[in-house]
Amino acid sequence: MMRIQINICTTFNPNYNEMNQKLFEQLQQEGLISDASFANIKIKQEHSLLSVHWEIKTFLYLGVLLLSGGFGILVYKNIDTIGHQMILLFIALICGGCFFYCFKNKQAFSIGKVLATNSLFDYILLLACCTFVIFIGYLQFQYEVFGNRYGLASLFPMVVLFFSAYYFDHLGVLSMAIVNLAGWLGITVTPISVLTANDFNNSRIIFTGLALGVLLITMAWATRKRKIKQHFELTYANFGTHILLISCLAAMFHFDAIYLLWFLLLAALVVYFYSKAMADKSFYFILITTLYAYIGISYIVFQLLDKMVGIDITILYLWFLYFIISGIGLIVFLMRTNKKIKAI
Amino acid sequence: MIAYSPTAIHNLFVREQAAEALGQQCLPQAEYEAILTRFPVIFYSPNLFIRIGLLILTLVISLFSFGIGVLLFKASSDTFLAGLAIFFALLAFAALEYMVKNNKHFRSGVDDALLWGAAGALFGGISYITKPDDLSNCILIFMIALYSTFRFADRLMSFVAFIALMGVVFFASIKLGDSVKTFLPFLIMGVTALVYFVVKRLKSFTDNHLYQQCLKIIPIASMMGFYAGGNYFIVREFSNELFNLHLAAGASIPFGWLFWALTLIIPVIYLGRGIQQRNGVEIRVGLLLMAAIVFTVRYYHAILAIEVWMSLGGVVLILTAFGLTRYLKSPKHGFTNIEFGSADAVANSQIESLIISSTFNSQPANIGGTKFGGGDFGGGGSSGEF
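Residues numbered from 1 in each chain as written. Chains lettered and ligands numbered in written order. Predicted model: local features only at pLDDT ≥ 70, side-chain atom pairs only at ≥ 80, totals over all residues.

Looking now at the overall build of chain A. When you go through chain A residue by residue, the secondary structure sums to 14 helices and one strand. The C-alpha radius of gyration computed for chain A amounts to 27 Å, which surpasses the reference 20 Å derived for 344 residues by more than 25%, pointing to a less compact arrangement than a globule. Taken over the C-alpha atoms alone, chain A extends approximately 80 × 65 × 50 Å along its principal axes. Within chain A, buried positions represent 38% of all 344 residues. (Helix = DSSP H or I, 4+ residues; strand = E, 2+ residues; numbered from the N terminus. Rg over C-alpha atoms; globule rule 2.2 N^0.38 Å. Buried ≥ 20, exposed ≤ 12 C-beta atoms within 10 Å, placed from the backbone.)

Quick look at the structure:
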């Protein structure tokens with residue numbers, strides 16, 4: 001019984017993931033680290049701290065999500081008994097309270113990066129922005145404050161979102177603002193539903209997507225050039241690159257009479273994004289531009305094969321061979337690029 | 001036993017540890033660089049995104065090579081197809097060994113894809129030809145995954161092996177008859193506890209860093225499995241199926257109180273132990289299972305409407321976070337609210353912002369809906385709004 005208990009105690013010993021003292025002892029004996037460093041490590045280990053930063057963040061995220069969702073359903077179900085004015089007042093109170101807190105506790109504005117006091121601040125701002133959007137939507141739905149000018153009804157929250165993102169320095173609110181901007185123009189750009197919620201067979205959507213992509217890429221460029229909130233660049237560039245390249249591919253498939261022209265545009269964009277990614281050493285952008293380019297090239301190859309061979313069993317062989325050969329080629333390309341970036 | 005060079009993995013481990021020490025400002029730069037030269041890396045392990053790209057492409061190549069094989073042999077019968085799958089699986093395993101041995105691939109995407117593809121094809125082929133029952137299927141999966149775990153130290157494979165082992169216990173006890181079946185929850189709990197303690201023991205051996213990642217994931221899986229074994233919802237619904245109890249909606253199972261107690265107590269114990277010993281993993285598992293308590297209770301006792309629970313839960317979570325933020329303004333009892341590992345901080349905040357933008361509704365639905373449902377948008381480019 002005694003033995004089992006001892007075993008349980010040692011197996012529950014927690015500090016394995018941190019610095020391995022045995023290893024540093026060996027390194028010290030080999031003379032690779034000095035006695036002072038070893039003593040440092042030993043002290044650090046004895047006083048190691050466990051960060052619960054992301055746990056608290058998750059609490060806040062889930063809390064705000066559940067609360068706004070729960071309130072939404074509550075309001076929807078009880079609309080007959082509470083009355084519209086009361087509900088509007090309630091939403092306005094939450095929104096106003098949260099904004100009040102944010103204005104009171106904000107750091108001084110700067111065009112550089114401003115670190116929030118803590119993650120609580122970030123999520124209260126998020127709650128404020130969410131409730132503001134709901135408030136405007138409710139107002140328009142029930143009282144048609146903006147009349148038939150629906151554009152205005154979504155423009156207004158968008159402006160507030162962009163303002164809050166810049167004024168309080170919040171990436172999440174900036175993403176919401178970009179999603180809102182896209183929605184104002186009529187397309188969905190959230191990562192999960194960008195492909196499913198948009199009808200890319202509609203030439204209108206394609207051109208809007210292209211315009212939005214260009215706008216966002218320009219914003220990314222200006223953000224860096226003018227040094228205004230430079231850390232926002234990545235968010236703009238991420239949305240912009242995806243929407244631009246997806247729209248370009250969609251244009252290629254849709255206007256199939258002149259698909260080679262669209263392919264030229266795609267190629268030009270890919271070259272631009274690729275060289276930019278190389279300069280920034282961004283593996284992420286290299287991967288996505290490579291994959292978008294691969295889809296475009298494959299489409300061209302398929303079109304050519306179709307014209308040359310026609311529908312036959314040989315075309316299957318050629319397709320399969322194309323995927324194997326191009327796959328190997330792309331692997332070599334990615335590995336070389338990886339090496340090149342690491343060498344810079 | 002392991003395909004990758006153990007010294008090379010050890011070198012990686014030393015480098016990681018040294019980087020950690022450097023990051024915590026316990027090590028001067030000069031000593032860090034001395035360690036780097038003393039422990040070189042020979043592996044080819046590219047950046048995460050390149051790894052994802054290589055993984056996708058390797059899967060594409062494997063799939064279409066198989067397709068060419070099917071075309072060439074004009075595979076007519078399903079059995080022949082299954083045989084071909086086994087053949088390709090062996091080919092992929094050989095390619096994997098070659099890439100690891102000669103090209104020094106280590107978590108490069110290529111080796112991940114080849115391993116998963118080979119293991120999947122091997123299982124699919126054998127299982128299709130022999131048409132075994134559930135128990136034999138689980139044993140087969142367990143054997144393939146265990147081999148892959150030992151040979152390639154793959155996290156996912158070790159997890160699959162664990163799940164398959166649970167499957168083996170489950171189906172074996174059903175086969176053994178009612179007397180064993182009755183104790184199924186305790187059997188599951190016993191086996192998961194055993195796995196947990198064995199793996200924790202293994203971790204204390206000196207060369208544990210070879211299987212570092214597997215040894216991290218299995219304890220988490222077994223803690224979850226232990227809870228699942230005793231959870232009221234799982235026990236009740238499974239026994240209802242297995243024993244044909246035909247329980248009425250409100251009826252309980254024999255010893256229902258015991259499983260209710262386990263459902264409520266285990267997460268609290270995990271969380272308590274985690275806090276007491278400052279073990280981040282146990283804290284997270286405990287918190288996750290707290291949510292499982294809420295769902296289990298709510299499933300059988302619909303006391304309040306779901307939206308009330310959501311709102312209350314939201315308030316409780318925000319208040320807890322508020323309290324913790326206040327409490328941990330300066331570090332207390334070894335806990336802190338400061339974010340470590342600032343190298344990932346930029347990426348983390350980007351991912352966070354993407355999650356926020358896709359889960360929070362930033363566009364009032366009715367505004368957008370009215371606008372684009374109407375004639376405004378279908379006008380084929382004639383309106384001057386853009």
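Moving on from the model shown.
For the rest of this paragraph, the subject is the overall build of chain B. Regarding its fold elements, chain B presents 17 helices and one strand. Across the 386 residues in chain B, those meeting the buried criterion constitute 30%. Relative to all contacts within chain B whose residues are 6 or more apart in sequence, the contacts with residues 24 or more apart total 62%. (Contact = placed C-beta atoms within 7 Å.)

Moving on to the domain arrangement of chain A. What the domain assignment reports for chain A is domain 1 (55-71 + 78-178), domain 2 (186-254) and domain 3 (257-344). Averaged C-alpha coordinates put domain 1 of chain A and domain 3 of chain A at centres separated by 42 Å. (Domains from an automatic or database assignment.)

Let us now look at the confidence of the model for chain A. Here chain A shows a mean pLDDT of 81. Residues at 70 or above account for 92%. The model gives residues 1-17 of chain A a pLDDT under 50, and that stretch makes nine contacts with residues more than four places away or in other chains. (pLDDT = per-residue confidence, 0-100.)

Counting residues in hydrophobic clusters, the biggest one holds 145 residues, and the most contacted among them are Ala 128 and Cys 129 of chain A together with Ala 118 of chain B. Ranked by residue count, the leading element in this core is helix H7 (residues 119-143) of chain A, at 14 residues. Listed in part, the ten residues of the second largest apolar core include Phe 24 and Leu 27 of chain A together with Leu 27 and Ile 35 of chain B. (Core = buried A, V, L, I, M, F, W, Y, C linked by C-beta atoms within 7 Å.)

This next bit is on unusual backbone geometry. For residues that are not glycine, phi is negative in most cases, and the peptide bond is trans in most cases. Residue and element names in this part refer to chain B. One non-glycine residue, Lys 131, lies in the positive phi region at around 45°. Tracing the backbone through its elements, the reader meets Lys 131 in the loop between helix H5 (110-130) and helix H6 (134-152). One non-glycine residue, Arg 278, adopts positive backbone phi at about 55°. By the element assignment, Arg 278 lies in the loop between helix H12 (256-277) and helix H13 (280-300). Judged by C-beta crowding, with 17 C-beta atoms within 10 Å, Arg 278 ranks as partly exposed.

Looking now at the interface of chain A and chain B. Each partner contributes residues to the interface: chain A has 83 residues there, and chain B has 82 residues. A total of 17 residues in the side of chain A that touches chain B trace back to one element, the largest contributor, which is helix H4 (residues 53-77) of chain A. Taken together, the residues of the side of chain A that touches chain B break down into 53 nonpolar, 26 polar and four charged. (Nonpolar A, V, L, I, M, F, W, Y, C, P; charged D, E, K, R; others polar.)

The next point concerns helix H11 (residues 232-242) of chain B. Residue and element names in this part refer to chain B. Of the positions making up H11, those classed as buried are Tyr 232, Val 235 and Arg 236. Along the long axis of H11, the arc covered by the buried residues comes to 95°, so they all point the same way. Directly after H11, the chain includes Asn 244, whose backbone phi takes a positive value near 50°. (Arc of directions from axis to C-beta.)

The predicted coordinates of low-pLDDT regions are not to be read in fine detail. All names here are of chain B. Chain-level statistics for chain B give a pLDDT mean of 80 and a share of 88% at 70 or above. By mean pLDDT, helix H17 (residues 375-378) is the weakest element of chain B at 30, and H6 is the strongest at 92. Segment residues 364-386 is flagged for pLDDT under 50; beyond a separation of four residues in sequence, or across chains, it makes 26 contacts in the model. Both scores are given for the predicted complex: the pTM is 0.80, the ipTM 0.77.

Attention now goes to the packing of H12 of chain B against H13 of chain B. Working note: a packed helix pair is described by the angle between its axes plus the distance between those axes. All names here are of chain B. Running from amino to carboxyl end, H12 crosses H13 at an angle of 160°, the nearest separation of the two axes being 8 Å. One way to sum up the angle between H12 and H13 is to call them roughly antiparallel. Seen from above, H12 lies across H13 with left-handed handedness. Contacts from Thr 263, Leu 264, Ile 266, Pro 267, Tyr 270, Leu 271, Arg 273, Gly 274 and Ile 275 of H12 reach H13 at Glu 282, Ile 283, Val 285, Gly 286, Leu 287, Leu 289, Met 290, Ala 292, Ile 293 and Thr 296. (Axes fitted to C-alpha atoms, helices over the stretch in contact; angles between N-to-C directions. Parallel < 35°, antiparallel > 145°, perpendicular 65-115°, else oblique. Left-handed = near helix turned anticlockwise from the far one by under 90°.)

We now examine the environment of Arg 326 of chain B. Mapped onto the fold, Arg 326 of chain B is located in helix H14 (residues 306-327). On the basis of neighbour count, Arg 326 of chain B is assigned to the exposed category, with 11 C-beta atoms found within 10 Å.

According to the domain assignment, chain B contains domain 1 (1-42), domain 2 (44-131) and domain 3 (304-336). Using C-alpha coordinates to define each centre, domain 1 of chain B is positioned 32 Å away from domain 2 of chain B.

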